[in-house]
Amino acid sequence: MRGLLAKDGYIIFKQLKFFLVLIVAFAVIPNSSLSGFSIVYTAMLPMTVMAYDEQSKWDKLARMMPYSNRDLVLSKYAVGYIGMMGATLITFISALVCMAFGDGTASERLPAILISMSGGLLLEAIGMPMMLRFGVEKGRILFFIIAIAVTIASIVSNSDSIGRDLHMPAIPGLPLLLLVTAATVVLNLISIAISTRLYRTKEI
Amino acid sequence: MKNALEIKDLSRSYKDFALQNLSLNLPAGCILGLVGENGAGKSTTIKLIMNTIHRDSGSITVMGTDNTSPQFQDVKQDIGVVLDEANFPEVLTARQVNKVMKYTFTRWDEAVYFDYIKRFDLPEKKAFKEFSRGMKMKLAIAVALSHHPKLLLLDEATGGLDPIMRDEILDIFNEFTRQEDHSILMSSHIVSDLEKSCDYIAFLHKGRLLFCEEKDRLLEKYGILSCSREELEKLPAGTVYGRTRSSSYGGVEALADRTKIPAGMKVSHAGIEDIIVFLAKKEG
């Protein structure tokens, strides 16, 4: 899998420099919603890499190399996870700096990071099987529809005024957030199993 | 002699095409040329050998291992593949391809790889998308040869190369099979390439194997008979294969079994291309 990750890394750093700058810029902006975008955007990295793979018909060759179907699928998820970890880390450091200057408290900022992370994980869990089933072009459209829905939900849940209007707590309690995060992790495990099965039966 | 590849009764159907009951062996240390028109089933056969598509029936053993078994994953370390396109992501450079392959093949040999890069006159830092088709194919061949494979599967690997480079690549393939456990399955449209380098020729036509024979035997067995139409009609059945073609001096030419041609009739050398063209016409 290291070889696959190296290949994906070269594609990302060569083709997606602007995208990476955008992710880092959003992550350091002291605004919970924009930081959330940064994390959610990284969930789109695998999709972009898959588009380049599809263009060069890389999978046709890769399946003849000593990579297992599981490795070929997992490497794509890993690209998203690594990206999300990086964006989450930058957002977290940015939040710590903001809090050190008296901008916001841990009880406000940390749940927002957890919500964004769950959103990113949810997008990846839903998006990846769609990409493998329908191809990058059709999968991308479906992915964007879901991404917009998740982003709107994220903004709604992060907005105090809307939350009050909807009689929702502005920031959900930590146990609920941890439960949601755990649920997205489980969803990802199910998604990986589905994607591996889809990939195995897919003929390229 | 052990077989590097054993294919038995292999079938695979698509909506508009079917590979039917393909059986052939590739003895270790040999080069087998797979020839056939577009859509004859050559690429399908290579995909089935690497188990990347599903078969309807049949079995394939690669270097003694069933290619549907979990052990085949390890056998892939011993197989070098070159497809009709190079298939590397276009942003990669030859140097980056080395890094990717280093983490892919356990016996990846950087020195061998960079020797080929130099020998093929390929730039190390130029993005793959800026390569010509010939350069792309050369890079793919360099990759296939740089992890000490025992079996090479080449699908139109010499396509897009100029005649001089093709000749050099064929020499490299011949050099490769000097080791008795090294074998090559090579599909190509360029029959002269196959005639030059192959020990065995397999001819696929519309998904069926018309023959798989030693090249020298084919060249010994067949000849081009030139005669008048009346003389041709008097020949015993089984002497001539396929349809005839008009010759430049007004008579006809036909592919014939040299051993069955009556003495005194004019027979000339039949190249592999002649044999294939005549037999393909026979099948329609």
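Going by the structure above, here's the rest.
Quick caveat: nothing in here was measured; it's all calculated off a predicted structure.

To continue, consider the overall build of chain B. Secondary structure assignment for chain B yields 10 helices and 14 strands. Over its C-alpha atoms chain B spans a radius of gyration of 21 Å, differing by no more than 12% from the 19 Å that the globule rule assigns to 284 residues. Within chain B, the fraction of its 284 residues that count as buried is 55%. Excluding contacts between residues fewer than 6 apart, the proportion of contacts in chain B whose partners are at least 24 apart in sequence is 66%. Only carbon and sulfur atoms are counted for the fraction: they give 46% of the accessible area of chain B, which is about 12600 Å². Side-chain charges in chain B split into 38 positive and 41 negative, and the spacing between the mean points of these groups amounts to 3 Å.

Let us now look at the interface of chain A and chain B. Opposite the 24 residues of chain A that make contact, chain B presents 33 residues. Here chain A packs against chain B, burying approximately 2700 Å² in sum over the two surfaces, 63% of which is carbon and sulfur. The interface formed by chain A and chain B includes 2 salt bridges. Among the ionic pairs, K60 of chain A bridges to D84 of chain B, the shortest N-O distance being 3.6 Å. Our count for the contact surface shared by chain A and chain B stands at 7 residue pairs in polar contact (both at pLDDT 80 or more).

Residue and element names in this part refer to chain B. If you walk through the whole model with that rule in mind, you get 5 cavities of 30 Å³ or more. A volume near 90 Å³ is recorded for the largest cavity. The greatest single-element share of the lining of the largest cavity, amounting to 4 residues, is contributed by strand β6 (residues 79–82). Taken together, the residues of the lining of the largest cavity break down into 13 nonpolar, 2 polar and 2 charged.

Conventions and cut-offs
- Residues numbered from 1 in each chain as written.
- Chains lettered and ligands numbered in written order.
- Predicted model: local features only at pLDDT ≥ 70, side-chain atom pairs only at ≥ 80, totals over all residues.
- Heavy atoms only, no water.
- Helix = DSSP H or I, 4+ residues; strand = E, 2+ residues; numbered from the N terminus.
- Rg over C-alpha atoms; globule rule 2.2 N^0.38 Å.
- Buried < 20%, exposed > 50% of the residue type's maximum accessible area, 1.4 Å probe, protein only.
- Contact = heavy atoms within 4.5 Å.
- Areas by Shrake-Rupley, 256 points an atom, 1.4 Å probe, with all protein chains shown as cover.
- Lys, Arg positive; Asp, Glu negative; His and termini not counted.
- Charge placed at Lys NZ, Arg CZ, Asp CG, Glu CD.
- Buried area = accessible area lost by both parts, 1.4 Å probe.
- Salt bridge = Lys/Arg side-chain N within 4 Å of Asp/Glu carboxyl O.
- Polar contact = N/O pair within 3.5 Å; in protein donor to acceptor, adjacent residues only side chain to side chain.
- 1 Å grid on protein atoms, 1.4 Å probe; cavity = no way out; pocket = protein on both sides within 12 Å on 5 of 7 lines; lining within 4 Å.
- Points joined across faces, edges and corners; volume = space filled by probe spheres on them.
- Nonpolar A, V, L, I, M, F, W, Y, C, P; charged D, E, K, R; others polar.

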